[in-house]
Amino acid sequence: MPEQSSISFLHVPSEAEAAPEIQKLWGKAQANLGFVPNVFRAQALNGAQFSAWWSYFNLLLNKEGFLPPVEREMVAVVVSNINRCVYCAVSHGAALRSLLAAAGQDPRLEALLAVNHRQAALEPRLAAMLDFAEILTRTPEQMRESHLAPLREHGLNDAQILELTQVIGMFNMTNRISSALGFVPNDEYHREGR
């Protein structure tokens with residue numbers, strides 16, 4: 001595979017060019033992950049916007065929420081693959097494989113979800129969530145209150161439905177930013193959880 005010369009179609013700030021709060025975040029990522037995600041570097045060009053995006057993204061994906069982290073990552077993988085976002089499909093595929101392995105589940109489930117979640121042996125609640133994610137991603141203009149019925153039938157409450165919708169929305173936005181600007185996933189993601 002040819003090596004990428006850049007991680008974005010736009011200028012990527014060096015550490016010296018990045019704002020101090022961005023440098024601090026890069027340092028935390030390096031300490032926690034062993035690398036700085038390219039999405040952190042590529043979006044540092046507009047530090048205030050990146051910080052706002054990261055705060056919301058981190059809240060939705062990495063903090064205690066209304067849905068389990070593994071389910072939020074499953075949504076991320078399904079939405080990112082529908083949108084054919086290379087960066088998010090690769091990076092969140094890696095995160096999902098790691099979460100599945102840590103939970104004693106088969107990390108190969110990630111590949112099924114990436115291609116067609118309907119071919120995975122999922123509990124009905126999770127299948128309804130991923131169906132909802134697909135409908136909202138592919139045809140947002142067709143959304144009606146009736147689309148919430150399968151979620152409620154499988155026990156999701158309003159707070160969970162709201163969080164599910166926010167995660168889907170976050171990935172639709174982030175997928176478009178990453179794809180439009182050619183963000184390249186870190187090599188580490190290709191190996192993670194395999």
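Residues numbered from 1 in each chain as written. Predicted model: local features only at pLDDT ≥ 70, side-chain atom pairs only at ≥ 80, totals over all residues. Heavy atoms only, no water.

The name given to the protein in an unreviewed UniProt entry is Alkyl hydroperoxide reductase AhpD, and the organism recorded there is Deinococcus ruber.

Points about the packing of helix H4 (residues 69-82) against helix H9 (residues 158-180)
Axis angle and axis distance: for two packed helices, these are the angle between their axes and the distance between the axes, and together they describe the pair. Formally: What counts as an axis is a line fitted to C-alpha atoms, over the stretch in contact for a helix, and the angles between N-to-C directions run from 0 to 180 degrees. Only runs of H or I of at least four residues qualify as helices and only runs of E of at least two qualify as strands under DSSP, and these elements are numbered from the N terminus. Note that the term roughly parallel is reserved for angles under 35 degrees, roughly antiparallel for angles over 145, roughly perpendicular for angles of 65 to 115, and oblique for everything else. For any helix crossing, the convention is left-handed if the near helix is rotated counterclockwise from the far helix by under a right angle, and right-handed if that rotation is clockwise. For this analysis, residues touch if any pair of their heavy atoms sits within 4.5 Å. Here the nonpolar group is Ala, Val, Leu, Ile, Met, Phe, Trp, Tyr, Cys and Pro; Asp, Glu, Lys and Arg are the charged ones; every other residue, Gly included, is treated as polar.
The interhelical angle for the contact between H4 and H9, taken along N-to-C directions, is 40°, at an axis separation of 9 Å. Regarding the angle of H4 to H9, the classification is oblique. Along this stretch, H4 crosses H9, giving a crossing that reads as right-handed. Counting all contacts with H4, which are made through Arg72, Val75, Ala76, Val79 and Ser80, the residues of H9 involved are Glu163, Leu164, Val167, Ile168, Phe171, Asn172 and Asn175. Residues that form the contact of H4 with H9 fall into these classes: seven nonpolar, three polar and two charged.

What about helix H3 (residues 47-62)?
We count it as follows: Exposure categories follow from relative accessible area, calculated using a 1.4 Å probe and restricted to protein chains: below 20% of the type maximum is buried, above 50% is exposed, and the middle band is partly exposed. In this context, the arc is that of the directions from the helix axis out to the C-beta atoms.
Three or more residues of H3 are buried, namely Gly47, Phe50, Trp53, Trp54, Phe57, Asn58, Leu60 and Leu61. The buried residues of H3 occupy an angular sector of 165° when the element is viewed end-on, so they sit on one face.

Structural notes on the side chain of Arg125
In this structure, Arg125 sits in helix H7 (residues 124-138). The class of Arg125 is buried, set by a relative accessible area of 16%. Every residue in contact with Arg125, bar those within four places of it in the chain, is listed here: Leu67, Glu71, His154, Leu156 and Gln160.

So, the pattern of salt bridges
Heads up, the condition is: Within this document, salt bridges are pairs made up of a side-chain nitrogen of Lys or Arg and a carboxyl oxygen of Asp or Glu, the two lying within 4 Å of each other.
For the coordinates displayed, the defined rule picks out seven salt bridges. One continuous salt-bridge network, built from bridges that share partners, spans Arg118, Asp131, Glu134 and Arg138.

Considering the nonpolar core
Formally: Remark: nonpolar core denotes a set of buried residues (Ala, Val, Leu, Ile, Met, Phe, Trp, Tyr, Cys) joined through side-chain atoms within 4.5 Å.
Within the largest apolar cluster, 55 residues are counted, with the highest numbers of intra-cluster contacts made by Phe40, Leu113, Leu151 and Leu164. Of all the secondary structure elements, the ones that give two or more residues to this core are helix H1 (20-33), helix H2 (38-42), H3, H4, helix H5 (86-102), helix H6 (109-116), H7 and H9. Apart from residues lying up to four places away in sequence, Leu113 is in contact with Met74, Val77, Val78, Leu96, Ala120, Leu122 and Leu130.

Description of the UniProt feature "domain: Carboxymuconolactone decarboxylase-like" (unreviewed entry) in the protein
Short version of the rule: UniProt positions are given in the numbering used here, feature names are shortened, and annotations may be inferred rather than shown by experiment.
Sequence positions flagged by UniProt for "domain: Carboxymuconolactone decarboxylase-like" (unreviewed entry) are, in local numbering, residues 50-97. When the span residues 50-97 is considered, its composition is 81% helix and 0% strand, and the gap between its end C-alpha atoms is 26 Å.

Considerations on the packing of H4 against H7
At their nearest, the axes of H4 and H7 sit 10 Å apart, and the two run at 35° to each other. Handedness of the crossing formed by H4 with H7: right-handed. Every residue of H7 that contacts H4 at Glu71, Met74, Val75, Val78, Val79 and Ile82 is listed here: Arg125, Leu126, Met129, Leu130, Ala133, Glu134, Thr137 and Arg138. Of the residues belonging to the contact of H4 with H7, the class tally is nine nonpolar, one polar and four charged.

Quick look at the environment of Tyr87
Of note, Tyr87 is situated in helix H5. For Tyr87, a relative accessible area of 3% gives the class buried. Remark: the alpha-carbon pair of Tyr87 and Ala19, spanning 68 residues in sequence, is separated by 24 Å. Leaving out residues up to four positions away in the same chain, Tyr87 has contacts with Pro37, Asn38, Val39, Ser178, Phe183, Val184, Pro185, Asn186 and Tyr189.

Regarding the layout of surface pockets
Summary: where empty space remains is shown by rolling a probe the size of a single water molecule over the atoms. What counts, and what does not: Using a 1 Å grid laid over the protein atoms alone, points where a 1.4 Å probe fits but cannot get out form a cavity; open sets with protein on both sides within 12 Å along at least 5 of 7 lines form a pocket; any residue with an atom within 4 Å of a point counts as lining. Grid points are joined across faces, edges and corners, and a volume is the space filled by probe spheres set on the points.
The computed volume of the largest pocket comes to approximately 750 Å³. Along the wall of the largest pocket there are 30 residues; nearest its centre are Leu33, Trp54, Asn62, Glu73 and Ala95. Contributions of two or more residues to the lining of the largest pocket are made by H1, H2, H3, H4 and H5. Counting residues per element, the lining of the largest pocket draws most heavily on H5, which supplies seven residues. Its residues placed into classes, the lining of the largest pocket shows 17 nonpolar, seven polar and six charged.

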